[in-house]
Amino acid sequence: MLTRLDQIANQNHLQLVKALLPHLPTHSQKTFSILIKLMEIQNIMKYYTEQPEDSGDLLDILADLKEYCEGEEQEMIDQALQMISMIELYQMFAPQPEPVQEEPKPEEPRKAT
C-alpha cells in the first residue's frame, strides 16, 4: 500500500522499474537503484513546486492514517471520526445566535473653551 508521498514519488511507472531490479545483473542494480531514488526526489520536488499549499481536512488526515493502523488504533480513529461527524452535524443544525447590534452612544456635551 503506497502512501500519498509514495504515489507522488513513484510517478512515471517507477514501481515497474523497481520490480525489474532483481532481474538485472548485480553490478547494475546499485546504479539503477540510485537512479530510481533520484527520479523519486525529482518527482517530489516537481509536485511541491507546482501544487498550491493545502493543509488538508482533519477527516481526510484521520482516514489516511487509519490505513496504516491495526485493531485498537483503527477503532480509536473510527470513534474520533464519528465524534467529529456528530459535532459537524450539530453545528450545521444548531440555532445560530443573532448578531448583537451596538446601540449608538449618546453624544457627550461639548465643553466650552
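Keep in mind that what you see is a predicted model, and the values were worked out from it rather than measured. Here, residues in each chain are numbered from 1, in the same order as that chain's written sequence. Restriction of local features to residues with pLDDT of at least 70 applies here, the model being predicted, together with a cutoff of 80 or more for giving and counting side-chain atom pairs; totals for whole chains, interfaces and linings are based on all residues. Side-chain calculation: all heavy atoms of the structure are included, whereas hydrogens and water are not.

(A) Quick look at the overall build of the protein. Each helix and strand counted, the protein has 5 helices and 0 strands in total. When the elements of the protein are put in sequence order from the N terminus, they spell out α-α-α-α-α. Computation of the radius of gyration draws on C-alpha atoms, with the globule rule given as 2.2 Å multiplied by the number of residues to the power 0.38. Relative to a compact globule of 113 residues, whose C-alpha radius of gyration would be 13 Å, the protein shows 28 Å and is clearly more extended. Over its C-alpha atoms, taken along the principal directions, the protein stretches across nearly 100 × 50 × 20 Å. Sorting the 113 residues of the protein into buried and exposed places 14% on the buried side. The Shrake-Rupley method, run with a 1.4 Å probe sphere, supplies the accessible areas, and residue values consider only the shown protein chains as cover. Roughly 10,600 Å² of accessible area belongs to the protein as shown, and the carbon and sulfur atoms make up 58% of that amount. Counting from the N terminus, the helices are the DSSP runs of H or I reaching at least four residues and the strands are the DSSP runs of E reaching at least two. Exposure is judged per residue with a 1.4 Å probe applied to protein chains only, and the accessible area is read against the type maximum: over 50% gives exposed, under 20% gives buried, and values in between give partly exposed.

(B) Layout of the pattern of salt bridges. The working definition used for a salt bridge is a side-chain nitrogen of Lys or Arg within 4 Å of a carboxyl oxygen of Asp or Glu. In this structure the tally under the stated criterion is 3 salt bridges. Here Glu40 ties to Lys37 by a salt bridge, and the two come within 3.2 Å at their closest N and O atoms. Here Glu40 pairs with Lys37, and both are found in helix α3 (residues 26–50), just 3 residues apart, close to one helical turn. Among the residues examined, Lys37 registers a relative accessible area of 47% and is labelled partly exposed. Among the ionic contacts, a cluster of salt bridges with common partners joins Lys18, Lys37 and Glu40.

(C) Quick look at helix α5 (residues 71–93). What a helix should span is 1.5 Å times the count of its residues minus one. Here α5 contains 23 residues, and its C-alpha end-to-end distance of 33 Å stays within 8% of the 33 Å for a straight helix at 1.5 Å per residue. Residues of α5 that are buried include every one of Ile77, Leu81 and Ile84, and no others. At its buried positions, α5 is contacted by α4 (58–66). Contacts are residue-level and defined by heavy atoms, with any inter-residue pair within 4.5 Å sufficient.

(D) Representation of a nonpolar patch on the surface. A cluster of nonpolar residues, Ile34, Leu38, Ile41 and Met45, forms a patch on the protein surface that exposes about 410 Å² of accessible area. Take Leu38: it is sitting in helix α3. Note that patches include only residues with greater than 30% relative accessible area and no salt bridge, and the join distances are 9 Å for like charges and 5 Å for nonpolar side chains (Val, Leu, Ile, Met, Phe, Trp, Tyr).

(E) Spatial organisation of the environment of Met1. With respect to the element layout, Met1 can be found in the segment before α1 (4–9). Excluding residues within four positions of it along the chain, Met1 makes contact with Glu67 and Tyr68.

(F) Just the packing of aromatic side chains, in detail. For Phe, Tyr and Trp, rings pair up if their centres lie within 6.5 Å, where Trp contributes its six-membered ring, and each pair is then called stacked (planes under 30 degrees apart), edge-to-face (over 60) or tilted (otherwise). Considering all chains together, one arrives at 1 aromatic pair under this definition. Pairing Tyr47 with Tyr48 gives two aromatic rings, centres 4.9 Å apart and planes at 85°, and the pair type is edge-to-face.

(G) Examining the environment of Asn10 more closely. With respect to the secondary-structure elements, Asn10 resides in the loop between α1 and α2 (14–20). With relative accessibility at 10%, the residue Asn10 sits in the buried group. In this structure, Asn10 is in contact with Gln15, Lys18 and Glu40, ignoring residues within four places of it in sequence. The definition of a polar contact used here is a pair of N or O atoms within 3.5 Å, where within protein one atom must be able to donate a hydrogen and the other to accept one, and adjacent residues in sequence count solely through side-chain atom pairs. A polar contact is formed between the side chain of Asn10 and the side chain of Lys18, at a distance of 3.0 Å.

(H) Local environment of the side chain of Asn43. Within the secondary structure, Asn43 sits in helix α3. Not counting residues within four places of it along the chain, the set of residues in contact with Asn43 comprises Ile8, Ala9, Gln11, Asn12 and Leu14.

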